[in-house]
Amino acid sequence: MITIAIDFKRWLAQKIIGGDSLSPVEISCLPSEVNLAYRAFALNLCINHIAQTLSLGEFLTFEKGKEVRGDLYYLLNVSPNQNRNATHFWREVVERLVYHDEALIYHDVRAITQNGEPKDRFFLARSYDRQDYAMIDNRYSEVDVGTRDAPYILREKYIEERDVLVLRWHNHRLHEYMNNMYQDLGKLISSSTANYEKNASVKGILSIGTDFSKRPDAQEKLQELMDRHTKAFFKSQGSALLPLTKGLEFQELSGSSTGQSSSNMAREPRGFVDDVLDLTAMTFGIPPSLLKSDFADLDNVVKQYLTFCINPIAEMITDEINRKLYTKNEYLSHTYAKLDTTCIRAVDIKDIASSLDILTRIGANTIDDSLRALGREPRGDDIGTQRFMTKNYAPVEDVIEQKGGLSNGDEQDTSS
């Protein structure tokens, strides 16, 4: 007996494509394609999480310590310009930060409304050139605030530093390290996927007896069996028969003969995908469990997410707004803006009722503060900004005065 081992999937691919071409698995799982696909998936997942979380925050504006809602409040929270709402705008800012480590926002104060009053606008620059200086303001030129389909380069030859908000995130070295690790993981995913497909493909042994005819017509029938009948047999979704002539015997090799089950082999590529998600999440300070929707110990996970990812971004945006849109004297007199992230977390009124009661009765919270914590509209009047304190609390000096001072015995007791 002469025994021939055949990898039917590779054999069929060679018959369809021709020559010694790669199998469909090898063609679709090249390392570069895997690298780009999983990298794009992980990055966009991070962008979505960060942008959606920031959209739940609120920019607060203050004048001399009193919260106000004016043009800047509307600009930051509702409509930065005529073509973008705030959610869409800040998502684009996050995308620029992730992909380019820097985002440039042009502050346009020349727009005129229909009633002739000036109206500020914010535009995110798609591209620009910068000249860095040490002792004077940086200058920006060729600032394109349009879109890919409709570019619009500002007419000014130079844009001064004070006219733009410049947000900087990580350095480029970090992206270089990430790209190198992505390439290595891409190769591992490609190899693991190809190995899984190889082991999961149908293989068999075709035994050809020594008495099988060597005549040309018999060899043609054998070739027809290999080319047509075998292909139909293995591609059939239902019942199928494989006609074999005398002297031919086919034996299919089961998947268990490889020593590894298909379910175990399928976990290998998924494990590498998890590695890509974990690497990307850690780069941006996002807990990996949150990115993969693993909600065990969710409260602590959300705290870590806000502390190490969202709050630093909010602080970066807040600092740049206050640095460019307010003077030093205004800021020191408590006229400023800030991105408030305390309202991001979803709260149940029953969970915070006791805390709000304590904060109110010690004078830490006003009525408006408590209403905001519940996601409700503040009153905004004198009653809403008034602070209350229970009579059980009083300064130590008042208590001593009411008792007529401490006696020597009291002092002894206190010291002991």
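Preceding this paragraph is the structure being described.
Residues numbered from 1 in each chain as written. Predicted model: local features only at pLDDT ≥ 70, side-chain atom pairs only at ≥ 80, totals over all residues. Heavy atoms only, no water.

**Q** When you look at the overall build of the protein chain in this model, what are you seeing that I'm missing?
**A** The number of helices and strands found in the protein chain is 16 helices and twelve strands. Buried residues in the protein chain amount to 34% of all 416 residues. Of the contacts formed within the protein chain by residues at least 6 apart in sequence, a portion of 61% connects residues at least 24 apart. (Helix = DSSP H or I, 4+ residues; strand = E, 2+ residues; numbered from the N terminus. Buried < 20%, exposed > 50% of the residue type's maximum accessible area, 1.4 Å probe, protein only. Contact = heavy atoms within 4.5 Å.)

**Q** Where do I start with helix α12 (residues 349-361) in this structure?
**A** One full turn of an α-helix is made of 3.6 residues, so residues set three or four places apart face in the same direction. End to end, α12 covers 18 Å across 13 residues, agreeing with the expected 18 Å (1.5 Å per residue, within 8%). Where α12 bends most, at Ser355, the angle is about 25 degrees. Trailing α12 by a residue or two, Gly363 shows a phi angle of about 80 degrees, which is positive. (Expected span 1.5 Å × (residues − 1). Bend = angle between axes of the 7 residues up to and from the residue.)

**Q** Explanation requested: the sheet that holds strand β12 (residues 336-340) in the structure shown.
**A** Strand-to-strand pairing in sheets goes through backbone hydrogen bonds, with the strands running parallel or antiparallel. In space, the three strands of this open sheet follow the order β3-β2-β12, with antiparallel pairing throughout. A single partner strand is all that each edge strand has here, and the edge strands are β3 (66-68) and β12. The sheet shows a mean angle of 40 degrees between the axes of neighbouring strands, taken without regard to direction. Where strand β2 (residues 58-63) and β12 come together, five bridges link them in antiparallel fashion. Residue pairing in the sheet places Glu58 in a bridge with Asp340 of β12. Strand contacts of helix α10 (residues 298-325): β2 and β12, with the helix running at about 165 degrees to β12, the strand carrying the most contacts. (Pairing = 2+ DSSP bridges. Axes fitted to C-alpha atoms, helices over the stretch in contact; angles between N-to-C directions.)

**Q** What am I meant to see in the layout of surface pockets here?
**A** Empty space left among the atoms is revealed by rolling a probe the size of a water molecule over them. If you add up the space inside the largest pocket, you get close to 1100 Å³. Residue lining of the largest pocket: 34 residues in total, with Leu60, Glu67, Asp368, Asp369 and Arg372 positioned closest to the centre. Those elements that place two or more of their residues in the lining of the largest pocket are β2, β3, β12 and α13 (367-373). Sorting elements by how many residues they give to the lining of the largest pocket places α13 first, with four residues. Residues of the lining of the largest pocket, tallied by class, amount to twelve nonpolar, seven polar and 15 charged. Its volume calculated, the second largest pocket comes out at about 440 Å³. For the second largest pocket, the lining is made up of 18 residues, of which Arg84, Glu92, Leu124, Gly146 and Thr147 are closest to its centre. Among the residues making up the lining of the second largest pocket, the classes are represented as six nonpolar, six polar and six charged. (1 Å grid on protein atoms, 1.4 Å probe; cavity = no way out; pocket = protein on both sides within 12 Å on 5 of 7 lines; lining within 4 Å. Points joined across faces, edges and corners; volume = space filled by probe spheres on them. Nonpolar A, V, L, I, M, F, W, Y, C, P; charged D, E, K, R; others polar.)

**Q** Just checking my understanding: could you explain the pairing of strand β9 (residues 164-168) for this structure?
**A** If a strand is regular, its side chains alternate between the two faces of the sheet. Summarising burial for β9: four of the five residues are buried, a large majority. Of the pairings in the sheet, the one linking strand β4 (residues 102-108) to β9 comprises five bridges and is antiparallel in character. Across the sheet, the residue bridging to Ala103 is Leu167, located in β9.

**Q** Would you explain the pattern of salt bridges in this entry?
**A** Close approach of charged atoms allows side chains of opposite charge to pair. Within the structure shown, the criterion is met by 17 salt bridges. For Arg121, the salt bridge is made with Asp108, and the minimal N-O distance between the two is 2.9 Å. Linking Arg121 in strand β5 (residues 121-124) with Asp108 in strand β4, this pair joins segments that are 13 residues apart in sequence. One network of salt bridges, with partners in common, ties together Glu102, Arg130, Asp132 and Arg168. (Salt bridge = Lys/Arg side-chain N within 4 Å of Asp/Glu carboxyl O.)

**Q** What am I meant to see in the packing of aromatic side chains here?
**A** What describes a pair of aromatic rings is the distance from one ring centre to the other and the angle between the planes of the rings. Counted according to the given criterion, the structure contains six aromatic pairs. Considering the side-chain rings of Tyr128 and Tyr140, the 6.0 Å spacing of their centres and the 65 degrees angle between planes classify their relative orientation as edge-to-face. Of the two residues, Tyr128 sits in strand β6 (residues 127-131) while Tyr140 sits in strand β7 (residues 139-144), which places them twelve residues apart along the sequence. Each member of the aromatic cluster is reached from another via a ring pair, and the members are Phe59, Phe89 and Trp90. Here the guanidinium or amino end of Arg139 rests over the ring plane of Tyr158, the centre of that ring lying 5.0 Å away. (Phe/Tyr/Trp six-rings, centres within 6.5 Å; stacked < 30°, edge-to-face > 60°. Lys NZ or Arg CZ within 6 Å of the ring centre and 35° of its normal.)

**Q** Would you mind showing me how to read the nonpolar core here?
**A** Soluble globular proteins tend to pack their nonpolar side chains together in the buried interior. Counting 52 residues, the largest nonpolar core has Ile50, Trp90, Val93 and Ile105 as its most contacted members. In terms of residue count, the dominant contributor to this core is α10 (eleven residues). The next biggest cluster of nonpolar side chains, apart from the first, holds twelve residues, and it includes Leu104, Tyr140, Ile159 and Val166. (Core = buried A, V, L, I, M, F, W, Y, C linked by side-chain atoms within 4.5 Å.)

**Q** Explanation requested: the environment of Lys391 in the structure shown.
**A** Along the chain, the position of Lys391 falls in the loop between α14 (382-385) and α15 (396-402). Relative accessible area serves as the criterion here: at 83%, Lys391 is assigned to the exposed category.

**Q** Even after reading the chapter, I still don't get the side chain of Glu161, so can you show me in this structure?
**A** Position of Glu161 among the secondary structure elements: in the loop between β8 (159-160) and β9. Polar side-chain contacts of Glu161 include one of 2.8 Å to the side chain of Tyr140. In terms of polar contacts, Glu161 uses its side chain to reach the side chain of Lys324, at 3.1 Å. Each residue touching Glu161, except ones within four places of it in the same chain, is listed here: Asp137, Asn138, Tyr140, Val166, Arg323 and Lys324. (Polar contact = N/O pair within 3.5 Å; in protein donor to acceptor, adjacent residues only side chain to side chain.)

**Q** Would you mind going over the sheet that holds β6 with me for this structure?
**A** One open sheet accounts for three strands, arranged β6-β7-β8; its pairing is antiparallel. Here the strands that pair on one side only, and so sit at the sheet edges, are β6 and β8. When β7 meets β8, the two strands line up antiparallel, connected through two bridges. Among the inter-strand pairings, Arg139 is bridged to a residue of β8, identified as Glu160.

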